[in-house]
Amino acid sequence: MYRNVMLISPDTVKANGDINYNLDDNTIGASIRAVQFVYLQDVIGIDLVQKLQVLVYNKIKGLEDNIDDAENSHYKALLEDFIKDAMTYKVCSEICVRNALKIRNAGVVQTNDTNVVNVSLKDVKYLTQTYDTYWNSAVNRMVEFLNNNKKAFPEYKVCGSELGDKYGRIGLWLGI
């Protein structure tokens with residue numbers, strides 16, 4: 001089913017060069033799903049995320065109306081030129097915490113190895129913030145592209161407009 005389609009793959013994240021190739025794909029996949037369904041969906045909306053998932057799903061299954069069709073070139077440009085970069089940065093941010101701390105029977109732990117020195121949680125937070133800065137920059141470019149091409153993306157709702165003027169996709173209710 002298309003709802004399980006990830007818009008980027010663990011290999012895409014690893015190819016960025018910041019994530020080691022021996023990192024478990026399941027860890028990366030969990031971070032991709034979190035980014036796609038929490039952060040990306042907040043920026044471009046559930047309708048546009050689902051449209052992209054359907055187009056990618058159709059390509060995987062060899063169906064018509066897929067991401068590679070000429071009439072869907074604007075969706076492919078959005079995915080290839082903007083979403084992949086943005087998601088990769090946010091996935092790296094998510095992995096920082098996900099990999100630094102593990103939930104085990106003993107509680108939340110930080111694993112150690114004799115040949116590895118773990119950094120402090122302060123350093124993990126710093127790296128997370130660095131990737132979040134990259135994410136924000138990539139999102140700004142993506143939103144600018146979407147706003148300049150609104151007619152090509154009928155699923156895209158500008159800045160929470162489908163929710164009325166009381167909410168601007170920032171998690172803050174203005175109480176008006």
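Counting of residues starts from 1 at the beginning of each chain's written sequence and follows it residue by residue. Note on the predicted model: pLDDT of at least 70 is required for a residue's local features to be given, and 80 or more for side-chain atom pairs to be given and counted; whole-chain, interface and lining totals, by contrast, use all residues. Only hydrogens and water are set aside; all other atoms, that is, all heavy atoms of the structure, feed into the side-chain values.

Caption draft 1: How the structure looks around unusual backbone geometry. The phi angle at Asp65 is positive, at roughly 55 degrees, despite the residue not being glycine. Residue placement: Asp65 occurs in the loop between helix H3 (46-61) and helix H4 (73-100). Take Asp65: its relative accessible area is 34%, and that puts it in the partly exposed class. Put simply, DSSP H or I for four residues or longer makes a helix, DSSP E for two residues or longer makes a strand, and each gets a number counted from the N terminus. In this scheme, a residue with accessible area under 20% of its type's maximum is buried, one over 50% is exposed, and one in between is partly exposed, where area comes from a 1.4 Å probe on protein chains only.

Caption draft 2: The arrangement of H4 in detail. Counted at 1.5 Å a residue, the expected span for H4 with its 28 residues is 40 Å, and the 39 Å between its end C-alpha atoms agrees. Throughout, bend refers to the angle between the axes fitted to the seven residues that end at a position and the seven residues that start at it. When the local axis directions of H4 are compared, the greatest deviation, roughly 45 degrees, occurs at Ile83. Expected span of a helix, by definition, is 1.5 Å for each gap between consecutive residues, and there is one gap fewer than residues.

Caption draft 3: The arrangement of the packing of aromatic side chains in detail. Ring geometry is summarised as follows: Phe, Tyr and Trp rings, the Trp one being its six-membered ring, pair when their centres sit within 6.5 Å, and such pairs are stacked at plane angles under 30 degrees, edge-to-face over 60 and tilted between the two. Per the stated rule, a full pass over the model turns up six aromatic pairs. Members of the aromatic cluster, each reached through a chain of ring pairs, are Tyr75, Phe82, Phe145 and Phe153. When the ring centre of Tyr39 is taken as origin, the NZ or CZ atom of Lys90, which lies over that ring, is 4.2 Å away. Look at NZ for Lys and CZ for Arg. If either is within 6 Å of the ring centre and within 35 degrees of the ring normal, a charge sits over the ring.

Caption draft 4: Spotlight on helix H2 (residues 25-44). Most pronounced at Gln36, the bend in H2 amounts to some 35 degrees. The elements touched by buried residues of H2 are helix H1 (10-15), H3, H4 and helix H5 (121-148). Positioned one or two residues after H2, Gly45 has a phi angle of 95 degrees, which is positive. Throughout, a contact is declared for two residues whenever any of their heavy atoms are within 4.5 Å.

Caption draft 5: Examining the packing of H4 against H5 more closely. Note on method: axes are straight lines fitted to C-alpha atoms, helices fitted across the in-contact stretch only, with angles between N-to-C directions ranging 0 to 180 degrees. Taken N-terminus to C-terminus, the directions of H4 and H5 make an angle of 165 degrees; their axes are 9 Å apart at the nearest point. In terms of axis orientation, H4 runs roughly antiparallel to H5. Along this stretch, H4 crosses H5, giving a crossing that reads as left-handed. A per-class count over the contact of H4 with H5 returns 21 nonpolar, three polar and four charged. Should an angle fall under 35 degrees it is called roughly parallel, over 145 degrees roughly antiparallel, and 65 to 115 degrees roughly perpendicular, with every other angle called oblique. Here a crossing is taken to be left-handed if its near helix is turned anticlockwise relative to the far helix by less than a right angle, and right-handed if that turn runs clockwise. Think of it as three bins: nonpolar holds Ala, Val, Leu, Ile, Met, Phe, Trp, Tyr, Cys and Pro, charged holds Asp, Glu, Lys and Arg, and polar takes everything else, Gly as well.

Caption draft 6: How the structure looks around the pattern of salt bridges. Salt bridge, as applied in this entry: a Lys or Arg side-chain nitrogen positioned within 4 Å of an Asp or Glu carboxyl oxygen. As enumerated under the stated definition, the model contains seven salt bridges in all. Note that Asp47 is salt-bridged to Lys157, the shortest N-O span being 3.9 Å. Taken together, the positions of Asp47 in helix H3 and Lys157 in the segment after H5 put the pair 110 residues apart, joining distant regions of the chain. What makes Asp47 partly exposed here is its relative accessible area of 39%. We classify Lys157 as partly exposed; its relative accessible area is 29%. Between Glu80 and Lys84 there is a salt bridge, with its nearest N and O atoms 3.0 Å apart. Of this pair, Glu80 and Lys84 are both found in helix H4, four residues apart, which corresponds to roughly one turn of the helix. Here the salt bridges share partners, and the residues they tie into one network are Lys59, Asp68 and Lys76.

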